[in-house]
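Breakdown of the fold
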Amino acid sequence: MQLDIRAQTLLKALVERYIADGQPVGSRALSKISGLELSPATIRNVMADLEELGFVASPHTSAGRVPTPRGYRVFVDELLTVQEIDESALSSRLQPGFLTQPPQRIIANAAQILSSLSQFAGVVMTPRTESIFQQVEFLRLSEKRILLVVVAPSGDVHNRLLLTDVDYTPSQLVQAANYLNQNFSGLSFDEARLRINSELRQLQSDMTSLMQAAVEAGSDALAEQNEEVVISGERNLLNVQDLSSNMNSLRKLFDMFEQKSGLMQLLDVSSKATGVQIFIGGESQLVPMDEMSIVTAPYGVNGKIVGTLGVIGPTRMAYERVIPIVDITAKLLSNALSQ
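Residues numbered from 1 in each chain as written. Predicted model: local features only at pLDDT ≥ 70, side-chain atom pairs only at ≥ 80, totals over all residues. Heavy atoms only, no water.

Regarding the packing of helix 1 (residues 5-21) against helix 4 (residues 69-79)
Packed helices, taken two at a time, are described by the angle their axes make and the gap between the axes. For the pair helix 1 and helix 4, the least separation of the axes is 10 Å and the interaxial angle reads 110 degrees. With respect to each other, helix 1 and helix 4 are oriented roughly perpendicular. In contact with Gln8, Leu11, Lys12, Val15, Glu16, Tyr18 and Ile19 of helix 1, helix 4 contributes Gly71, Tyr72, Val74, Phe75 and Leu79. For the contact of helix 1 with helix 4, the per-class residue count stands at eight nonpolar, two polar and two charged. (Axes fitted to C-alpha atoms, helices over the stretch in contact; angles between N-to-C directions. Helix = DSSP H or I, 4+ residues; strand = E, 2+ residues; numbered from the N terminus. Parallel < 35°, antiparallel > 145°, perpendicular 65-115°, else oblique. Contact = heavy atoms within 4.5 Å. Nonpolar A, V, L, I, M, F, W, Y, C, P; charged D, E, K, R; others polar.)

Topic: the packing of helix 6 (residues 103-118) against helix 13 (residues 319-338)
Helix 13 packs onto helix 6 with a crossing angle of 165 degrees between their chain directions and a minimal axis gap of 10 Å. Taken together, the axes of helix 6 and helix 13 are roughly antiparallel relative to one another. Here helix 6 and helix 13 pass one another in a crossing that is right-handed. Contacts from Pro103, Ile106, Ile107, Ala110, Ile113, Leu114, Leu117 and Ser118 in helix 6 reach Arg321, Ile325, Val326, Thr329, Leu333, Ala336 and Leu337 in helix 13. Of the residues in the contact of helix 6 with helix 13, the class split is 12 nonpolar, two polar and one charged. (Left-handed = near helix turned anticlockwise from the far one by under 90°.)

Description of the pattern of salt bridges
Enumeration according to the criterion identifies eight salt bridges in this entry. Between glutamate 16 and lysine 12 there is a salt bridge, and its shortest N-O distance comes to 2.7 Å. Here glutamate 16 and its partner lysine 12 are both found in helix 1, four residues apart, which amounts to about one turn of the helix. Owing to a relative accessible area of 23%, lysine 12 belongs among the partly exposed residues under this scheme. Here aspartate 268 makes a salt bridge to lysine 272, at a shortest N to O gap of 3.0 Å. When salt bridges that share partners are traced, they join Arg73, Asp77 and Glu283 into one network. (Salt bridge = Lys/Arg side-chain N within 4 Å of Asp/Glu carboxyl O. Buried < 20%, exposed > 50% of the residue type's maximum accessible area, 1.4 Å probe, protein only.)

Structure below.
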């Protein structure tokens, strides 16, 4: 809904004041800080209209008002003035090491930088890598127990125990490994799985079953080498009263960090968008707490989006600072990984 200039100015002033001190904002205070030459009575009328429209709310304990999730959304989408941050200064802060270390360390550094600059929690969804294999071997350990050995293109070796319904002979295991290596080496396990389903119908069903079990286990083995989400600064959120004011809030907070599944879903959604995205608690079902917001941006390697990073903090955060921090860090991480 389009607000007139007067209502926009008062809503902006109210949100900025509430973010600054966390107290409900009254009409008298708004008359002083808004820059509008309006009487408190006129301001009260505008506030009543904003409350009716769902942009502000009145706590029972105060005559002042606070922004609602809908009010925050209008603020960040239409009224916010983003601070300018010197990208070169931020880049120099990342030196040395940010641009010269292995990818996993670069990603961990990015999470730490987001946390230290925002004073909240920094989070990075790591790049999704295809589980490509160079070679597989089967070793018979005992009846119906087989060790799957997977060699990645990097030379890393991963092992997985397979429990089968059939007692395969050593010659059958060699035959299965040779077939996989000759026909699927250099492919991802996902590609191998699709081709096995369509091409191996001429083989005995028990051999097909072994190969299907192998590609499932091999995919899991290679996927485990990378942590899906890197988080830094979780303890910062314990100092945010809005997020840690009661045991229920604390439980939701730590459930999010321990389980990570909901966080992964949110980051995955934001990776499909362009630019900075803001998820506001109470508005987005992906955010587990009404008092929480998450500011995200996708990052890429050589122009291809591979992951998402962001800052997790209270809804009452200084968005004008956090947005450019997230935006620039995403660009710097993209540059570092592309190099």
